[in-house]
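# Observations on chain architecture
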Amino acid sequence: MLDPSIKYQEIRANGLRFHVATCGEGERLALLLHGFPELSISWRYQLPLLARLGYRVWAPDLRGYGGSDRPAKLADYALEELLADVAGLVDAAAPSETLLAGHDWGAILAWFFATRQLRPLDRLVIMNVPHPELFRKNMNLRQALRSWYAFFFQIPWLPEKLLGLAGARAIGEAFRGSAVHKERFPEEVLEAYRAAARQPGALTAMLNYYRAVMRGGGARRQQKLGFPMIETPTLMLWGEQDVALGKELTYGTESQVRDLTLRYLPDASHWVQQDAPETVNAMLEAWLAGRAVPEADELGK
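Summary of the structure given here. (Residues numbered from 1 in each chain as written. Predicted model: local features only at pLDDT ≥ 70, side-chain atom pairs only at ≥ 80, totals over all residues. Heavy atoms only, no water.)

Reading across the sheet, the eight strands line up as S1-S2-S4-S3-S5-S6-S7-S8 and stay open at both edges, with mixed pairing between neighbours. Looking at strand neighbours, the two that pair on one side only are strand S1 (7-13) and strand S8 (260-269), the edges of this open sheet. Taking each pair of neighbouring strands and ignoring which way they run, the sheet shows an average axis angle of 20 degrees. (Pairing = 2+ DSSP bridges. Helix = DSSP H or I, 4+ residues; strand = E, 2+ residues; numbered from the N terminus. Axes fitted to C-alpha atoms, helices over the stretch in contact; angles between N-to-C directions.)

So this is what it looks like as structure tokens:
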């Protein structure tokens, strides 16, 4: 399942223990943040690439996920705590420069981390999550219906019960059911996600991200702080076959990011870096090398 160059280590940050997939070495850090209901293995195709490009790559299981610590309280999953985790991981690495990449919930954290300038960033990579301010402005009935799960997750205990049925079968189906290239999600990968969700307290921890940002007030607090222009050079990659988030949510991102490169992948789902790794990696490598980033059709994808 994993490239043999990928190793694991335990790293302490923000008072917690993080289980981190690592690859490469050196002073330049690439910190990769996964989403729901994922793990560090969501970056299995990008870890070796970034190591080859000269980065020390860290892909942690985020708090509450996989082998990382799992605080019990809803307040432990407030946006501010999650952002402090990212800052703590950067501090633990003590890098000479930092590339921050995020997908899904990891991209939400990456957007806010760059906006609040919590630590210096040299590069920002966002996958299949719109800028928070554009998401708020463009929320309509159609998008609300596509995001139904976020509202459902606010209900106590019932989402955990349903997601945990039949050995957390629904967790595996979340990937294979919506992926374009289902062969990219073999049984061993799906079982890793399901097994992590079956750990005691794991599903509640994962859902607390949604609960803390909505009913816990995290989104409101961030909104009050405003959204200054992001100055960090940013690559945004978007799988167009996303069943939860519409492509139109990306329109206008240039109003929030000074130096933006945006590429769409028509033949990829929400799980873009797993569903179309060759295309994602080719775009990422070109961007990091300062070359023109190809469009998907130029890569034959």
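So that's the structure; there's more coming.
Okay, the packing of aromatic side chains next. Tallied over the entire structure, the rule returns 16 aromatic pairs. Relative to Tyr 210, the ring of Trp 105 has its centre 5.8 Å away and its plane inclined at 90 degrees; by these criteria the two rings are edge-to-face. Residue Trp 105 is located in helix H3 (residues 105-116), and its partner Tyr 210 is located in helix H10 (residues 202-214); the two are separated by 105 residues in the primary sequence. The buried category is assigned to Trp 105, whose relative accessible area is 4%. Residue classification places Tyr 210 among the buried residues on the basis of a relative accessible area of 7%. Both rings, one in Phe 175 and one in Trp 271, keep their centres 4.5 Å apart while their planes meet at 40 degrees; by these two values the pair is tilted. Taken together, the positions of Phe 175 in helix H8 (residues 165-176) and Trp 271 in the loop between S8 and helix H12 (272-275) put the pair 96 residues apart, joining distant regions of the chain. Under the relative-accessibility criterion, Phe 175 is labelled buried at 0%. Taken together through their ring pairs, the aromatic side chains of Phe 36, Tyr 65, Tyr 77, Trp 105, Trp 148, Tyr 149, Phe 152, Phe 153, Tyr 209 and Tyr 210 make up a single cluster. (Phe/Tyr/Trp six-rings, centres within 6.5 Å; stacked < 30°, edge-to-face > 60°. Buried < 20%, exposed > 50% of the residue type's maximum accessible area, 1.4 Å probe, protein only.)

Turning to its location among the elements, Gly 54 is positioned in the loop between helix H1 (46-52) and strand S4 (56-60). Here Gly 54 falls in the partly exposed class, since its relative accessible area comes to 32%. Taking C-alpha positions, Gly 54 is 38 Å from Pro 200, a pair spaced 146 residues apart along the chain. Those residues in contact with Gly 54 that sit more than four places away from it in its chain are Glu 25 and Arg 28. (Contact = heavy atoms within 4.5 Å.)

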